[in-house]
Amino acid sequence: MKTHDFLLELGTEELPPKLLLKLSNALKDNLSSELKKLNIGFDTIKAFATPRRLAITISAVQGKQLDQIIEKKGPSIQSPEMAISGFAKSCGVDVSELEKKELGGKEYFYYSKEETGQSVSELLPEAIEKSIKDIPITRAMKWGSSDYSFVRPVHWLVIMLDKDIVPAKIMGLESNRITKGLRFIDPIIELKHAKDYEQVMSDKAQILVDFAKRKELIRDQVLSVAQKNNAEVVIDESLLDEVCALVEYPRAFSGSFDKKFLDIPQEAIISAMKSHQKYFHLVDIQGQLLPLFISVANIESTNIKAIVDGNERVIHPRLADSEFFWNQDKAKKLEERLPDLDSVMFMKSLGSMGQKAKRIESLSSHISDLVGFDQKASARAGLLSKSDLLSEMVGEFADLQGIMGGYYATNDGETQAVSAAIREHYQPRFAGDKVPSTNEGLVVAIADKLDTISGIYGIGQAPTGSKDPYALRRLALGLLRILLEAKIELNLKSLIDYSLNLHLKEVDRSCGDDIYSFMMDRLKAYYKDANIDSNVYEAVLAVSPESPLDFHLRVEALNEFTQSENSKSLIEANKRIANILKDSNEKNETLNPKILIDDSEIKLFNASESLSKKLSGSKDYQEVMKSLIDLKDSIDSFFDNVMVNTDDDKLKSSRLALIRKIRLLFLSVADISYLSS
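With that out of the way, let us pick up helix H11 (residues 375–384). At 3.6 residues per turn, the α-helix brings residues three or four places apart onto the same side. In terms of burial, H11 is a largely internal element, seven of the ten residues being buried. Of all the positions in H11, only Ala-377, Ser-378, Ala-379, Ala-381, Gly-382, Leu-383 and Leu-384 are classed as buried. A side-chain oxygen of the first residue of H11 lies 3.2 Å from the backbone nitrogen of Lys-376; this N-cap is Asp-374.

By the secondary structure assignment, Ser-322 is in helix H8 (residues 304–330). Residue class for Ser-322 comes out buried when judged on its relative accessible area of 0%. Between the C-alpha atom of Ser-322 and that of Ser-271, which follows or precedes it by 51 residues, the distance is 9.7 Å. Setting aside its immediate chain neighbours within four residues, Ser-322 contacts Ile-264, Ala-268, Ala-272, Met-393 and Phe-397.

Attention shifts here to the packing of helix H16 (residues 472–485) against helix H20 (residues 548–561). Interhelical geometry of H16 versus H20 gives an angle of 70° and a closest axis separation of 8 Å. By the angle class used here, H16 and H20 are roughly perpendicular. Crossing of H16 over H20 shows right-handed handedness. Contacts between H16 and H20 pair Leu-480, Leu-483 and Leu-484 from the former with Pro-548, Leu-549 and His-552 from the latter.

For Asp-162, the location among the structural elements is in the loop between strand S9 (154–161) and strand S10 (164–165). No salt bridge is formed by the buried Asp-162, whose closest oppositely charged neighbour, Lys-2, lies at an N-O distance of 5.2 Å. There is a polar contact of 2.7 Å between the side chain of Asp-162 and the side chain of His-4. Contact partners of Asp-162, with chain neighbours within four places excluded, come to Thr-3, His-4, Asp-5, Lys-192, His-193 and Ala-194.

Take helix H5 (residues 211–228) next. Its 18 residues give H5 an end-to-end C-alpha distance of 26 Å, which sits within 8% of 26 Å, the value for a rise of 1.5 Å per residue. Regarding H5, the residues found buried are Phe-211, Arg-214, Lys-215, Ile-218, Arg-219, Gln-221, Val-222, Val-225 and Ala-226. Projected down its long axis, H5 carries its buried residues within an arc of 170°, all on one side. Facing away from the buried side of H5 by more than 90 degrees, the exposed set consists of Gln-227 and Lys-228.

Moving on, we come to the pairing of strand S1 (residues 3–12). Counting buried positions along S1 gives eight out of ten residues, so the element sits mostly inside the fold. Here eight bridges tie S1 to strand S3 (residues 53–62), and the two strands are oriented antiparallel to one another. Looking at the pairing, Leu-8 lines up with Ile-56 of S3. Strand direction decides the pairing type here: S1 and S9, joined by seven bridges, are antiparallel. Residue pairing in the sheet places Gly-11 in a bridge with Trp-156 of S9.

When their charged atoms lie close together, side chains carrying opposite charge are able to pair. Under the criterion given, the structure shown has 39 salt bridges. For Glu-14, the salt bridge identified is with Arg-183, shortest N-O distance 2.9 Å. Taken as a pair, Glu-14 in the loop between S1 and helix H1 (20–37) and Arg-183 in the loop between strand S13 (178–180) and strand S14 (188–190) lie far apart in primary sequence, 169 residues in all. Assessed through its relative accessible area of 26%, Arg-183 is described here as partly exposed. Among the ionic pairs, Glu-335 bridges to Arg-380, the shortest N-O distance being 3.3 Å. A residue pair is termed long-range when its members are at least 10 positions apart, and Glu-335 in helix H9 (residues 334–341) and Arg-380 in helix H11 qualify at 45 residues. Salt bridges linked by common partners bring Lys-215, Glu-216, Arg-219, Glu-237 and Asp-241 together as one network.

Our next topic: the sheet that holds strand S16 (residues 251–256). With antiparallel pairing, four strands are arranged side by side in an open sheet as S15-S17-S18-S16. Both edges of this open sheet fall to strand S15 (232–233) and S16, since each of them pairs with a single strand only. Across two bridges, the pairing between S15 and strand S17 (residues 280–283) is antiparallel. Within S17, the position partnered with Glu-232 by the bridge is Val-283. Against the sheet, H5 makes contact with S15, S16, S17 and strand S18 (289–297), and its axis sits at roughly 35° relative to S16, the strand it touches most. Helix H7 (residues 266–277) contacts S17 and S18 of the sheet and is inclined by roughly 10° relative to S18.

A separate point is unusual backbone geometry. In this structure, the amide linkage connecting Gln-427 to the following residue, Pro-428, adopts the cis form with an omega of -10°. Structurally, Pro-428 can be placed in the loop between helix H14 (416–424) and helix H15 (439–458). Its identity is not glycine, yet Ser-349 carries a phi of approximately 80°, on the positive side. Relative to the helices and strands, Ser-349 resides in the loop between strand S19 (345–347) and strand S20 (351–352).

This next bit is on the packing of helix H17 (residues 492–502) against helix H18 (residues 512–529). The interhelical angle for the contact between H17 and H18, taken along N-to-C directions, is 125°, at an axis separation of 9 Å. Considering their axes alone, H17 and H18 lie oblique with respect to each other. Crossing handedness for the pair H17 and H18: right-handed. Of the residues in H18, those in contact with Leu-492, Lys-493, Ile-496, Asp-497 and Leu-500 of H17 are Gly-512, Asp-513, Ile-515, Tyr-516, Met-519 and Met-520. Among the residues making up the contact of H17 with H18, the classes are represented as seven nonpolar, one polar and three charged.

Right, let's get into a nonpolar patch on the surface. Side chains of Phe-184, Ile-185 and Ile-299 sit close together on the surface and give an oily, nonpolar patch of about 360 Å² of accessible area. Given the relative accessible area of 52%, Ile-185 is considered exposed.

Each value, and the rule that gives it
Residues numbered from 1 in each chain as written. Predicted model: local features only at pLDDT ≥ 70, side-chain atom pairs only at ≥ 80, totals over all residues. Heavy atoms only, no water. Buried < 20%, exposed > 50% of the residue type's maximum accessible area, 1.4 Å probe, protein only. Helix = DSSP H or I, 4+ residues; strand = E, 2+ residues; numbered from the N terminus. Polar contact = N/O pair within 3.5 Å; in protein donor to acceptor, adjacent residues only side chain to side chain. Contact = heavy atoms within 4.5 Å. Axes fitted to C-alpha atoms, helices over the stretch in contact; angles between N-to-C directions. Parallel < 35°, antiparallel > 145°, perpendicular 65-115°, else oblique. Left-handed = near helix turned anticlockwise from the far one by under 90°. Lys, Arg positive; Asp, Glu negative; His and termini not counted. Salt bridge = Lys/Arg side-chain N within 4 Å of Asp/Glu carboxyl O. Expected span 1.5 Å × (residues − 1). Arc of directions from axis to C-beta. Pairing = 2+ DSSP bridges. Nonpolar A, V, L, I, M, F, W, Y, C, P; charged D, E, K, R; others polar. Patch = residues over 30% accessible without salt bridge, like charges linked within 9 Å, V, L, I, M, F, W, Y side chains within 5 Å. Areas by Shrake-Rupley, 256 points an atom, 1.4 Å probe, with all protein chains shown as cover.

Structural data, given as structure tokens:
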């Protein structure tokens, strides 16, 4: 069958930069899905995206649908004649033309016909229109007097198969072979062949339509400009993606700002440059911020100095504002802002930010007392942790909350421990972010996250399905990461109950177990990322450790145990023991070693006694599992030579009690029967 090269390009007003990749990938996935539904085969599909266009190319698209057999199942041959004739009529044939086939020991009437595939050019317009329509858009726009809507107004449409235009009308646009180059230059480019799209756009318009290639070009340009300035550039990948989504013809350049602004906390300068101007900042070899920036223009200019001067003029007032905010905020201490937090709502039924700060103070004091950290410093940091929300700087740059609080605390004369804890208590903010580095920071971070989780969960706003409007899953995983990575031993169940009791009466105090289950469930994904079998997680969950760190140590030990050659035999033995004990009554079991008669059961009893004494109270779970592996031969011998459910009731009772004792030894770490295949 003949195949074709396909091209779709939708030209638009500038698309939202933070959504560009999502829009592009959705269009590709949608179109791929539509073609598969239509039974149209193809080789490779590729998406392209720039600020003004979404494009798709597909190689080796089949020229027509594959012919297919359409088969319909009808009534059974014992059905009333009216039902059978009605089925035949619905298929447009006589009853005599129906086939009979057996299904499940019963004969049914069937109708089948071969349907000839349609031409791909006939099917593409509807498939493309549906693919565009199904792109998830939160806020669609309408333009002109039309009823069409899209994320931005559309201006041109290219649909081609090889050299030919595929006739279509989508969102009021007639398809053709004409595309456009850079804005303000806008050269009209006539495409001769679908397969030439990427090359033609590069040669004739100097536009790299491939997002990934354009991103790497920008990276190379930015690194080159930094090198010319004898500096190191800090490339934030999310900023690089955003810049790539803003330019079609990238040209990086550097500029500078007044050195006096370096007296401002560098995070404030960086935030102003990144969030407002999309600039990359530069540092010296010691990592200190330099009064330089790198920006990326969307055009080649013969007068680059004019562009540099313009950007330097724009950044000056931005930094002047930051300087003003910094000086204004320092004039009022964090402690003096506490009364004003009472007028800032945290959440309905959960009270004000002032009340939240007091709960964090109480939780921080309680946690630090449990783990032996500085109780006074932790409580102080917890109380002041939200005061910077009322500062001018955080009001302008929300991403600086906590960070600026640390600076203001230092300025107020608070201890280094308090300042560091305030700075770090939002960490980890996202996947891959670091946990706090100080004891007090760890404590306040736990307290803040737990207060939010318990409060919102307690008023019935728990995440449902894919919806998690308050990011409780992220907060829960962040809290658990702190406990595991900082090796903090805490009873999470009792801590949740303590947190619930600090909330207002509107909060349901009986949901502690549900919150614990919700939080521990976050670990499943955590261990999946670490390539730990989900059965290992389930085996530990079955014994319900109340400390996440204790849970984690058991998982590590069990994961190592599964790598042992002897583990499989022990896992199956545990499964067998669990099945035997399932129907037994523990109250009727008495372990009397004196009536054990077989050498193998006596040997197993002696080994279990010795091991019980050795492992009593041990939390070195890896050593426990290694010791339990030593029981393998004794357990194997026991099951090879002993019948547990013997007719002698007393002997049966002792044997059941013995294998229960063995099972309890393993349950001191996990229920390894969950690992059975």
